[in-house]
Amino acid sequence: MSIDELNRLLTASKWTLGVLAVLTALAGIFNQWVSDRIGVLQTEQKVESQRKLEASESELRQTKARTEQLEARLAPRSLSPAQIQSIRDHLTPYAGTKFQFVSYQDDAEVHGLVLQLIPMLQQAGWKGLPAQEFLMASLVVGVTIEYAPASKRALERPAIAFADALTKNGIVATTVANPELAERADRIRVKVGKKPE
């Protein structure tokens, strides 16, 4: 081989090496770009996954809250032993107050509440009278504590105390001066109707 041929071969080799160096640099730049792009996509994917997780958790909390509300609406009204003690203590100053219950006899939820309230009142010193009537045709909702208007001075305070104590313990109750009780002015009448929705 001649010197010219070797120079051409050397030049070709240098050009090949230069092209390869440029291609290697381009491959490195491309690899870095792909790596950066993968990192960006992974970050976006993590952010999206976190957003979906938070949305799912929020939906779960809302569903749980709705479920608890439904369960509370469907659960029977009742009082815990501590609530019964608290109400009984609140009503003891009115010992001797006569009471009579009027309720739906065919409603297990109403009946269960009445069975809690009667002994509680008796333990507070109140005097229970036998039921003379029942709720049947009319729709009564909630607990209403009634007294005759003529007995306002004697029975209004115990009636209000009873209603307030029940309400403070989660069973909404109201008081009413009822003229229908004129012939039974010696007692409080406790109407226990259907559970309010």
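Scroll up a little and you will see the structure.
We now turn to the structure provided with this report. Because the structure is a prediction, the values reported are computed rather than measured.

## Thoughts on the pattern of salt bridges
By the definition in use, this model includes 8 salt bridges. For aspartate 107, the salt bridge goes to lysine 194, with nearest N and O atoms at 2.9 Å. With aspartate 107 in the loop between strand E1 (98–103) and helix H3 (108–123) and lysine 194 in the segment after strand E5 (187–192), this residue pair connects regions lying 87 residues apart in the sequence. Residue aspartate 107 is classed as buried on the basis of its relative accessible area, which comes to 15%.

## Quick word on the packing of aromatic side chains
Under the defined criterion, the tally for this structure stands at 4 aromatic pairs. Taking the centre distance of 6.5 Å and the plane angle of 50° together, the rings of phenylalanine 99 and tryptophan 126 count as tilted. Of this pair, phenylalanine 99 sits in strand E1 while tryptophan 126 sits in the loop between H3 and strand E2 (127–128), placing them 27 residues apart in sequence. Given the relative accessible area of 2%, phenylalanine 99 is considered buried. Here tryptophan 126 falls in the buried class, since its relative accessible area comes to 2%. One aromatic cluster is present, built from ring pairs that chain together Phe99, Phe101, Trp126 and Phe162. When the ring centre of tyrosine 104 is taken as reference, the NZ or CZ atom of lysine 194 above it lies at 4.5 Å.

## Notes on the sheet that holds E5
Spatially, the 5 strands line up as an open sheet ordered E2-E1-E5-E3-E4, and their pairing is mixed. Of all strands in the sheet, those bounded by a partner on one side alone are E2 and strand E4 (173–177). As paired strands, strand E3 (residues 143–147) and E5 are joined by 4 bridges and run antiparallel to one another. What sits directly across from glutamate 146, in E5, is arginine 189.

## Some remarks on helix H2 (residues 81–91)
Buried residues of H2: Ile84, Ile87, Arg88 and Leu91, and no others. One side of H2 carries all its buried residues, which in axial view fall inside an arc of 100°. Each element contacted by the buried residues of H2 is listed here: H3 and helix H4 (152–168).

## Things to note about the layout of surface pockets
Here the largest pocket defines a volume of roughly 170 Å³. For the largest pocket, the lining is made up of 15 residues, of which Phe101, Gln105, Val114, Ile118 and Ala131 are closest to its centre. Of all elements in the fold, only E1 and H3 reach the threshold of two or more residues within the lining of the largest pocket. With 5 residues, the top contributor of residues to the lining of the largest pocket is E1. Here the lining of the largest pocket is composed, by residue class, of 9 nonpolar, 5 polar and 1 charged.

Cut-off values and rules
Residues numbered from 1 in each chain as written. Predicted model: local features only at pLDDT ≥ 70, side-chain atom pairs only at ≥ 80, totals over all residues. Heavy atoms only, no water. Salt bridge = Lys/Arg side-chain N within 4 Å of Asp/Glu carboxyl O. Helix = DSSP H or I, 4+ residues; strand = E, 2+ residues; numbered from the N terminus. Buried < 20%, exposed > 50% of the residue type's maximum accessible area, 1.4 Å probe, protein only. Phe/Tyr/Trp six-rings, centres within 6.5 Å; stacked < 30°, edge-to-face > 60°. Lys NZ or Arg CZ within 6 Å of the ring centre and 35° of its normal. Pairing = 2+ DSSP bridges. Arc of directions from axis to C-beta. Contact = heavy atoms within 4.5 Å. 1 Å grid on protein atoms, 1.4 Å probe; cavity = no way out; pocket = protein on both sides within 12 Å on 5 of 7 lines; lining within 4 Å. Points joined across faces, edges and corners; volume = space filled by probe spheres on them. Nonpolar A, V, L, I, M, F, W, Y, C, P; charged D, E, K, R; others polar.

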